[in-house]
Structure formats: C-alpha cells, structure tokens
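One-letter residues, chain by chain:
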Amino acid sequence: MRSKRARRLTGCTALALSAGMLLASPASAESPAPRPAAEKPSQAPAAPSKRVVPQADGARSAGAAGATAERPPSRSDLDGDGQSDMVLRIGGTLLTATTGSEGGEFYRGDGDDSFIEDVIPIGDQDKNGSGPEILTLSKFGWLTLYGDSTPTYGTYRWSGPGWQIYNKVFSPGDISGDGRADILARTPAGELWVYVSTGTPNAPFHARQKVGNGWGAYDQLIGLGDSDGDGRGDFLARTPAGGLYYYGSTGSPYSVKPAKQVGQGWQQYNQIIGIDDDNANGIPDVLARSVDGTLFEYFGTGSGHFTTRKQVGTAGVWKDVDQFSGAGNIPTHGKEGMLARTKAGTLFWYDAVNNGRLAARAQISDDGGWAGSTIFEVNSLGRDAVSDTLEIYQGHLYGNDTDFGGGWSSINLIAGPGDLNGDGTGDFVARDRDGVLWLYRSNYDGTALHARVKIGSGWNAYNQILGSGDYTSDGLNDLVARAKDGTLYLYQGTGQAGYPFKPRVKIGGGWNAYPKLVAPGDLTGDGQGDLLAVNAGGELFRYSGTGQAGYAFKPRASIGTGYQIYNGLY
C-alpha cells in the first residue's frame, strides 16, 4: 500500500543541539525532550495506467430534441485522442489517467510547490489547437492557469490570488456563447458567482457577476457541459441526502433555469465527476466513485438524464485518488489519518484510503522514543498537506522543524482543525489551564505564528476538543467538543479570526462511552470530516460526516479492534 503522507514528525534534533541540549540517548518518560525526526515509509503514488471507457449504444433520448449528435470538444483531452482524460491528486502529487496513452505525473510549468487542492479543466481557451487549458487551485487560494497541457506538463499562463473566499470552483462549460468555458464559484454563504472567459491568457476572466443565493444546500456541484443541446453549458448539483438536480442554461451567463431533479440515491458516491462526452453521442456523461473505490459511468441521454450506470475497470482500484479533476465535492486536505502512541512510547501512523478505513499501521519512530511526551497532531501548517506533530517541552512549542518559542507551559490542549481565518494557512487552537481558548494563526510556511487571538473562556467544561476539516459542507473548518457529561457539541467555523466559531450546536449524548476520540480528517473521500472513537475494549468506530450541522455524523461503523494498546491517539 503506497503512503500518501511522506513525513510526519518534526526534526527536533537540530533544535536541541542549537539550544545546547545534546541528546545522548533516547528520552525516557522521566525525561521527555524533543525527539529526532521520524520518517514515514513512502513510495511514489501510482494511478491506473489508462482510463477505461465502457461500451454504450450512444442512443439519444427523445427528450433531447433539437440537439446535435456531433461530439463537442473535450475540456480535458491531454493526449489528443478526442476523449476526456483526468488529472488526479493522490496525496500532494498530480497524476494523469488518459484514454489513449500511458499517463504520468503532471508537472506545473511555474515550479510552484504549494499544495494543489482542486483541478478544473476548461478546454482550449486560446483556440490554438495545442492542448487544453487547466486551472489549479492552491491551498492558499491562488487560481492558476496552465495552457497547452499534455499528459505530463502544463505551461504556465496566469495566476491570481483571493479564491479562498469560495468553497467550490467549477466549470459548467461555455455559458456565455463565445465557445470558451466559463467558471462558477460558490461562497460558504451559498452565493454563486460567474466568471466569464475572455480568451486572453494573461487576463483570462471578466469581473465576476452574481448568479444567485441559496446554493449552500448542495454538497457537490458538477460541471456537466451542454446536456440539452442548446449550445450552452449546464451543471448538476447534489444534496447531502443524495438528490441529484440539473440546472440548464437560460442563454445568459448570469442566470440558470429552475432546478430539475434527475436522480436520487447519489449519496452513495463520494465524488461525482463531469467527464464531457465519452461515447460520442454529443451529450456529456459523468463518472461517480463509490466509497469502496469503484468507478462507475453514467452516459447522458439529454437534459441532465442518464443511462443505467456501468462499472469502469476493476472494483476498488480508484480508492487511492484523493481528488479527481472536474469532481463536484469540496476538496479536503491537511490531515487524512491517525497518529497512535503505544504505552511504551512508540509512534505509528495509520493512513486514510478514502474507503472509510485505515491502512495498515507504519512505525514512524524509534521504539519507545516518545514515551512521556506531550504531543498533538494538527492540520498542515506549511505549504504541503501533511499534518504536523506538535510537542510542548520545557515550556517551548516545537513542530514543523521549528521552535515556536516559550510560554506554552500553561497550555493543556491543542487542536488543529485547519484554516480558520480564510487565508489558507494552517491554524490551531490552544486551551490554557484557566479554560481560555486561543487561536494561533501560522504564516505560509508554517514556521512562525501571528499574535494569538482570544476566542473565549469556559472551555475547561470540555474533556476533549478536536477537529480536522469541515463537518457542515460549507468549506469552513469546524471543531467538536465533548462535555464532561458525555454530550458532544459542534462549533461551526466562520472563517473570521476575530470570531472563528458560531454558537455551539448539540450533536448528542453518550459520548463518554469512548475513552478516546480522534479527528482523522476525511476518511471516506467525500470532503466531509469524519470522527473516530475507541471504546474501553479497544474497538474502533467510524462516525462518517454528513455535512449537516444538525445531524453531523452518520451512525457508527466498526472498523477495527485492538486499539487498547495505545495510550494516545491523535
């Protein structure tokens, strides 16, 4: 099993030496100290070598009267065979899965090493016939355009900041009627905005225009292409309950036709992907991945309707993909897995594999090397998407190869849900012994902290505070907290540093049945944060996120036993 998370723990040996603290032997429980670096075993991620397109009759339904059967150009044909290809993110690596040739790693021509959370294919914008244009969205909110893309390379064209204000950016195809794909973007408040393409590489979009409100009802927005044959792009939207709705073009890029329900039961898929026209009947199709990693294809029959699904390739083979290009889900990043410490002080990492389970554990420290340490696991603080282990030692906070300074002796809890103020950087909260909760915001490299911001007092009412990612489908990171009577509460993120959480919402009681709760990030590949719980007997349960504040988690599912051997899960 390949590892998606290559490096887990801070290398504190250099810090110790620079401070004159030579560690001659492994630290013991009586004498904890910053530990030497621990590397997680890894290997280069691999995607299926070719994307399989199943056979279909290509019949167009009568409901698509007036539509042409001519195959429209693909927005993501990387190898020039006329069919759509995919750019896949596995961990922090972009790979391609093509139809007519072997895929490979997709290199970005600007050399930027910031983590890419989403990929949006938009086709040949400059009409030069030399390959499609592709947009990437970084964790810091930079939208970047690459042109003349091949299965292995994209030439840098343009980049613009500020796109972190949206929780989803996608392309329905051409909705302005100029033959170029446009993009739509949704805010956490549910506002939908359109950016019409200009066709100019160094200034690719006109100023945004508002389409409407109320789009927060959907957890997935899927750019479809022209499904009804009117020459304008359309899109699909899915509710957390699994209802699939079709939105057709009005002929204006600033409005859409009323929603039409075209399916139900689509909650079984963690990512739904617009793939344009695969079977050459002139109508766009969609791919959908089930939680076990099996990919299915639905062929379009017109106006957002589809044939019965067909399985694509071997069952389960696509589970390692964290994000598909053109997928409709809100992308997740920062922590996907669980850190575990044995009673003897040895650390292990459990990787997430997008199917609701954990991979086999990998030892990432010397035997007993972390006994007695005060550690916490937080969402990625730096430019990558690898979560960081923080340690408090002799009043200093260490993490991400950095000494963050002293004054931490009063802190008894740290939780790292991710970006809390909308700048894309990893943030965390810390509770002091008086019960005051503080927000700590990091810089872009995760090597320095801004001045802390007081969130509020009274947080010593909770015996656990944790979080990793989004639990409410708005793209903002949240917290959960367990009161001493076993009641679990949700604190929904606001994206504002001065007021990072809304008032709490009760999730339910009885959570004191679990000695350990863990926020592993997204285990099921749908962009929703999940929760893990271990009972006194060591049985591990997964509570999958629903994306709904009032009903945050699905009923539990048992996914393992024997976890009583650990005295710490993070």
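Every value quoted in this text rests on a predicted model; they were computed, and no experiment measured them.

Asks: Would you mind showing me how to read the confidence of the model for the protein here?
Replies: Do not read the fine detail of predicted coordinates wherever pLDDT is low. Confidence in the prediction of the protein, expressed as mean pLDDT, is 89, and 89% of residues score 70 or more. Low pLDDT, under 50, characterises residues 58-68; the stretch is placed with 21 contacts to residues that sit more than four places away or in other chains.

Asks: Is there a simple way to explain the sheet that holds strand β5 (residues 133-138) in this structure?
Replies: Sheet strands pair via backbone hydrogen bonds, and the direction of the pair is either parallel or antiparallel. Strand order in the open sheet made by the five strands is β3-β7-β6-β5-β4, with mixed pairing throughout. Bordering the open sheet on either side are β3 (107-108) and β4 (116-123), each of which pairs with just one other strand. Sheet topology note: the β3/strand β7 (residues 153-160) ladder contains two bridges and is parallel. Each bridged residue has a counterpart across the sheet, and for Arg 108 the counterpart in β7 is Gly 154.

Asks: Help me understand the packing of aromatic side chains, please; the structure alone is not making it clear to me.
Replies: The relative placement of two aromatic rings is captured by the distance of their centres and the angle of their planes. Using the criterion set out here, one finds 35 aromatic pairs in the structure. Consider the rings of Trp 459 and Tyr 462, whose centres lie 5.6 Å apart with planes at 55°: the pair is tilted. For Trp 459, a relative accessible area of 7% translates into the label buried. Of the residues examined, Tyr 462 reaches a relative accessible area of 4% and is grouped as buried. Three or more aromatic residues link up through ring pairs in this structure, and these residues are Phe 170, Trp 215, Tyr 218, Phe 235, Tyr 245 and Tyr 247. Sitting above the plane of the Trp 193 ring, Arg 208 keeps its charged end 3.6 Å from the centroid. The positively charged end of Arg 361 is found above the aromatic ring belonging to Phe 348, 3.7 Å away from the centroid.

Asks: Help me understand the environment of His 206, please; the structure alone is not making it clear to me.
Replies: The topology assignment puts His 206 in the loop between β10 (192-195) and β11 (209-212). Residues His 206 and Asp 182, spaced 24 residues apart in sequence, show a C-alpha to C-alpha distance of 9.7 Å. Setting aside residues no more than four positions away along its own chain, His 206 makes contact with Tyr 195, Val 196, Ser 197 and Thr 198.

Asks: Just checking my understanding: could you explain the pattern of salt bridges for this structure?
Replies: Side chains that differ in sign of charge can pair as their charged atoms come close. Following the criterion strictly, the structure yields eight salt bridges and no others. Note that Asp 276 is salt-bridged to Arg 75, the shortest N-O span being 2.8 Å. Residue Asp 276 is located in strand β16 (residues 269-276), and its partner Arg 75 is located in the loop between α1 (13-18) and β1 (86-90); the two are separated by 201 residues in the primary sequence. Like Asp 276, the residue Arg 75 is buried in the burial classification. Residue Asp 445 pairs with Arg 383 through a salt bridge whose shortest N-O separation is 2.7 Å. Linking Asp 445 in the loop between β32 (437-441) and β33 (453-456) with Arg 383 in the loop between β26 (374-378) and β27 (388-393), this pair joins segments that are 62 residues apart in sequence.

Asks: For this particular structure, what's the right way to read the side chain of Lys 139?
Replies: Position of Lys 139 among the secondary structure elements: in the loop between β5 and β6 (143-147). Although Lys 139 is buried, it forms no salt bridge, and the closest oppositely charged side chain is Asp 384 at an N-O distance of 5.4 Å. Within the local environment of Lys 139, its side chain forms a polar contact with the backbone oxygen of Asp 384, the two atoms lying 3.0 Å apart. Contacts of Lys 139, omitting those with residues within four sequence positions, involve Phe 115, Glu 117, His 333, Ser 380, Gly 382, Arg 383, Asp 384 and Gly 424.

Asks: Looking at this structure, I do not really get empty space enclosed by the protein. What am I missing?
Replies: Over the atoms a probe the size of a water molecule is rolled, and this reveals where empty space is left. Overall, the coordinates contain six cavities of 30 Å³ or more when judged by the stated rule. Empty space within the largest cavity amounts to approximately 140 Å³. Elements with a contribution of two residues or more to the lining of the largest cavity: β4, β8 (168-173) and β16. Of the residues belonging to the lining of the largest cavity, the class tally is eight nonpolar, six polar and five charged.

Calculation rules
- Residues numbered from 1 in each chain as written.
- Predicted model: local features only at pLDDT ≥ 70, side-chain atom pairs only at ≥ 80, totals over all residues.
- Heavy atoms only, no water.
- pLDDT = per-residue confidence, 0-100.
- Contact = heavy atoms within 4.5 Å.
- Pairing = 2+ DSSP bridges.
- Helix = DSSP H or I, 4+ residues; strand = E, 2+ residues; numbered from the N terminus.
- Phe/Tyr/Trp six-rings, centres within 6.5 Å; stacked < 30°, edge-to-face > 60°.
- Buried < 20%, exposed > 50% of the residue type's maximum accessible area, 1.4 Å probe, protein only.
- Lys NZ or Arg CZ within 6 Å of the ring centre and 35° of its normal.
- Salt bridge = Lys/Arg side-chain N within 4 Å of Asp/Glu carboxyl O.
- Lys, Arg positive; Asp, Glu negative; His and termini not counted.
- Polar contact = N/O pair within 3.5 Å; in protein donor to acceptor, adjacent residues only side chain to side chain.
- 1 Å grid on protein atoms, 1.4 Å probe; cavity = no way out; pocket = protein on both sides within 12 Å on 5 of 7 lines; lining within 4 Å.
- Points joined across faces, edges and corners; volume = space filled by probe spheres on them.
- Nonpolar A, V, L, I, M, F, W, Y, C, P; charged D, E, K, R; others polar.

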